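In case you want the letters, here they are:
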Amino acid sequence: IFFRDQDLSPQQFMAFAQTLGQPIEYPFVKGLEGFPCVIEVKKLEHEKVNFGGIWHSDTTYLPQPPMGSMLLAKEVPPYGGDTLFANQYAAWDALPDEVKTRLRDAMGIHSARRGYSKDGAYGEKDRESGRSMAIKYDDSALKTQLQPIARVHPETGRIALYVSPGYTLGIEGWPQDESDEMMMYLFQHQARPEFVYSHRWSTDMLLMWDNRCLIHAATGGYEGHRRLLHRITIAERC
């Protein structure tokens, strides 16, 4: 859901987020001064790499992943920079029955290592790009966390496919070759065009989404222009 024309200060943004749940600090990005739960999602004119440019659901490597996230557009390029969302209810529903049977009780192995470990595959590219964001590369990102692949939404009761190329490394207890094959299949399946919505930004637009049934990815295409959004992540209700 999104709201146009929301010229909010960090304090106002936090106050609104607190009406929905408990904002939490992002583990690997430093927050704004005085507002540790508000991070800048920033790409300057000279930068090449998009933060969040691979399909993911936020921080699934945590023991209790967040309920939702919010983005507030502060500076928007004249073109490009859309955010893509893919419906994972639809992705699960569209799986063949035999695949659902194999995955219904399976646990995915999640980790932040690709993006935030000191030698992670994506982190290294970010460092080479001279990224301006306050990313904290740390080998605590090597930790793993199990999450159900067929995740039951606690409010709707519907099953969503809960994996992503950003954070899911494999399937617990499966042989490596079988796990890799299934992961590649799921990564391609979950972002099929019929599941995807492309969101076009405007300045002062506030967007919020449910991390439990969506994956998302940032797009580029605005080289030579700035893009700045503020983000807050909201914890699952206990």
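Here's what I pulled together on the structure shown here. Owing to the predicted nature of the structure, the values given are computational and were not obtained by experimental measurement.

Cut-offs applied
Residues numbered from 1 in each chain as written. Predicted model: local features only at pLDDT ≥ 70, side-chain atom pairs only at ≥ 80, totals over all residues. Heavy atoms only, no water. Helix = DSSP H or I, 4+ residues; strand = E, 2+ residues; numbered from the N terminus. Rg over C-alpha atoms; globule rule 2.2 N^0.38 Å. Buried < 20%, exposed > 50% of the residue type's maximum accessible area, 1.4 Å probe, protein only. Contact = heavy atoms within 4.5 Å. Lys, Arg positive; Asp, Glu negative; His and termini not counted. Charge placed at Lys NZ, Arg CZ, Asp CG, Glu CD. Arc of directions from axis to C-beta. Pairing = 2+ DSSP bridges. Axes fitted to C-alpha atoms, helices over the stretch in contact; angles between N-to-C directions. Phe/Tyr/Trp six-rings, centres within 6.5 Å; stacked < 30°, edge-to-face > 60°. Lys NZ or Arg CZ within 6 Å of the ring centre and 35° of its normal. Salt bridge = Lys/Arg side-chain N within 4 Å of Asp/Glu carboxyl O.

### Side note on the overall build of the protein
Assigned secondary structure in the protein consists of six helices and 14 strands. For the protein, whose C-alpha radius of gyration is 17 Å, the value lies close to the compact-globule estimate of 18 Å for 238 residues. Expressed as a percentage of the 238 residues in the protein, the buried residues total 50%. Summarising the internal contacts of the protein: among those between residues at least 6 apart in sequence, 84% fall at separations of at least 24. Computing the positive centroid from 26 side-chain charges and the negative centroid from 31, the protein places the two 2 Å apart.

### A few points about helix α1 (residues 10-18)
Regarding α1, the residues found buried are Phe-13, Met-14 and Ala-17. Buried residues of α1, viewed axially, fall in a sector of 100 degrees; they line one side. Buried residues along α1 sit in contact with β2 (23-24), β4 (68-75), β12 (206-210) and β14 (227-234).

### Some thoughts on the sheet that holds strand β5 (residues 83-87)
Pairing in this open sheet of three strands is antiparallel, and the strands run β11-β5-β13 from one edge to the other. One side of each edge strand has no neighbouring strand; the edge strands of this open sheet are β11 (196-199) and β13 (214-218). Between one strand and the next, the sheet's axes are offset by a mean angle of 20 degrees, whatever the strand orientation. Bridging between β5 and β13 involves five bridges; their strand directions are antiparallel. Residue Leu-84 lies in a different strand from β13, and its bridge partner there is Ala-217.

### Let's talk about the environment of Gln-176
For Gln-176, the location among the structural elements is in helix α6 (residues 176-190). Its relative accessible area of 54% is what places Gln-176 among the exposed residues. Between the C-alpha atoms of Gln-176 and Asp-82, which are 94 residues apart in sequence, the distance is 35 Å.

### Comments concerning the packing of aromatic side chains
All told, the structure shown has six aromatic pairs when counted by the stated rule. Taking the centre distance of 6.4 Å and the plane angle of 70 degrees together, the rings of Tyr-26 and Phe-51 count as edge-to-face. In this pair, Tyr-26 is assigned in the loop between β2 and β3 (39-43) and Phe-51 in the loop between β3 and β4, connecting sequence segments 25 residues apart. Given a relative accessible area of 5%, Tyr-26 falls into the buried group. On the basis of relative accessible area, Phe-51 is assigned to the buried category, the value being 12%. Centroid distance Tyr-61 to Tyr-167: 5.0 Å. Interplanar angle 80 degrees. Geometry classified as edge-to-face. With Tyr-61 in the loop between β3 and β4 and Tyr-167 in the loop between β9 (159-161) and β10 (168-171), the pair connects residues that are 106 residues apart, well separated along the chain. Accessibility classification places Tyr-61 together with Tyr-167 in one group, the buried group. Here a set of aromatic residues connected by ring pairs shows up, and it is made of Tyr-26, Phe-28, Phe-51, Tyr-61, Tyr-116 and Tyr-167. When the ring centre of Tyr-222 is taken as origin, the NZ or CZ atom of Lys-43, which lies over that ring, is 4.6 Å away.

### Quick word on the pattern of salt bridges
With the rule as written, the count across this model stands at 12 salt bridges. Between Glu-40 and Lys-42 there is a salt bridge, with its nearest N and O atoms 3.3 Å apart. Among the charged side chains, a network of salt bridges with common partners joins Arg-151, Glu-155, Asp-210, Arg-212 and Glu-236.

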